[in-house]
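# Chains, contacts and geometry: an overview
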Amino acid sequence: MPMLVNGIRILSVVVVKNDGHVLACPGFDTIKGSNFYRLIGGGVEFNEDSLTALKREIREELDLELENYRLLSVLENIFVYNGNSGHEICFVYEAEFKDKTNYKRKSFEILDGDKAFQAIWVEMTEENKKKVFPGGASDLL
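Bear in mind that the values here come from a model prediction, so they are computed numbers and not experimental data. (Residues numbered from 1 in each chain as written. Predicted model: local features only at pLDDT ≥ 70, side-chain atom pairs only at ≥ 80, totals over all residues. Heavy atoms only, no water.)

### Brief notes about the overall build of the protein
When helices and strands are counted, the protein shows 2 helices and 9 strands. Helices and strands appear in the protein in the N-to-C order β-β-β-β-α-β-β-β-β-α-β. Expected size for 141 residues packed as a compact globule is a radius of gyration near 14 Å; at 14 Å, the protein falls within 12% of this value. Each of the three principal axes of the protein carries a C-alpha extent, and together these read 40 × 35 × 30 Å. (Helix = DSSP H or I, 4+ residues; strand = E, 2+ residues; numbered from the N terminus. Rg over C-alpha atoms; globule rule 2.2 N^0.38 Å.)

This is the structure in structure tokens:
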């Protein structure tokens, strides 16, 4: 997910749970030297509501479908990543895979334009919950 410089980015992300784990993308801040996990999803485009954006992002990036969507919260995330300031408004949903066999997969390749990422099942220990972004999402897990 690219970061918008000098602006506020509107995002829609999803919590997909699986036996004490949450699907998220691992990341690393080279300046802070710290690991983190980012919930899957992406940017909301102009004239697009947050749920439509989330469905589009999951379809485009993972080629999968979710169901039983439920809005959990809207979070404001002000942060510094790799030395750059960021500001996001994040719609956080919870949903389930339509195809239940996806819960058996260990990882998911995410294609975002010309960049590839990996989403994995992250065990929701107290320590890992603190590393989940957007900020404030740990209270929703």
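### Regarding the pattern of salt bridges
Following the criterion strictly, the structure yields 12 salt bridges and no others. The closest approach of N and O atoms between Arg-38 and Glu-88, which form a salt bridge, is 2.8 Å. One end of the pair, Arg-38, is in strand β4 (residues 34-43); the other, Glu-88, is in strand β6 (residues 84-97), and 50 residues separate them in sequence. Neither residue differs from the other here; Arg-38 and Glu-88 are each classed as buried. (Salt bridge = Lys/Arg side-chain N within 4 Å of Asp/Glu carboxyl O. Buried < 20%, exposed > 50% of the residue type's maximum accessible area, 1.4 Å probe, protein only.)

### Quick word on helix α1 (residues 50-62)
Over its 13 residues, α1 extends 18 Å from the first C-alpha to the last, a length consistent with the 18 Å expected when each residue adds 1.5 Å. The set of residues buried in α1 consists of Ser-50, Ala-53, Leu-54, Arg-56, Glu-57, Ile-58, Glu-61 and Leu-62. Buried positions along α1 lie against β1 (9-15), β4, β5 (66-81), β6 and β7 (107-112). The opening residue of α1 is Asp-49, an N-cap whose side-chain oxygen sits 3.1 Å from the backbone nitrogen of Leu-51. Taken from the residues just after α1, Asp-63 is the one with a positive phi, measuring 55°. (Expected span 1.5 Å × (residues − 1). Contact = heavy atoms within 4.5 Å. Polar contact = N/O pair within 3.5 Å; in protein donor to acceptor, adjacent residues only side chain to side chain.)

The values reported here are purely geometric and, on their own, carry no functional implication.
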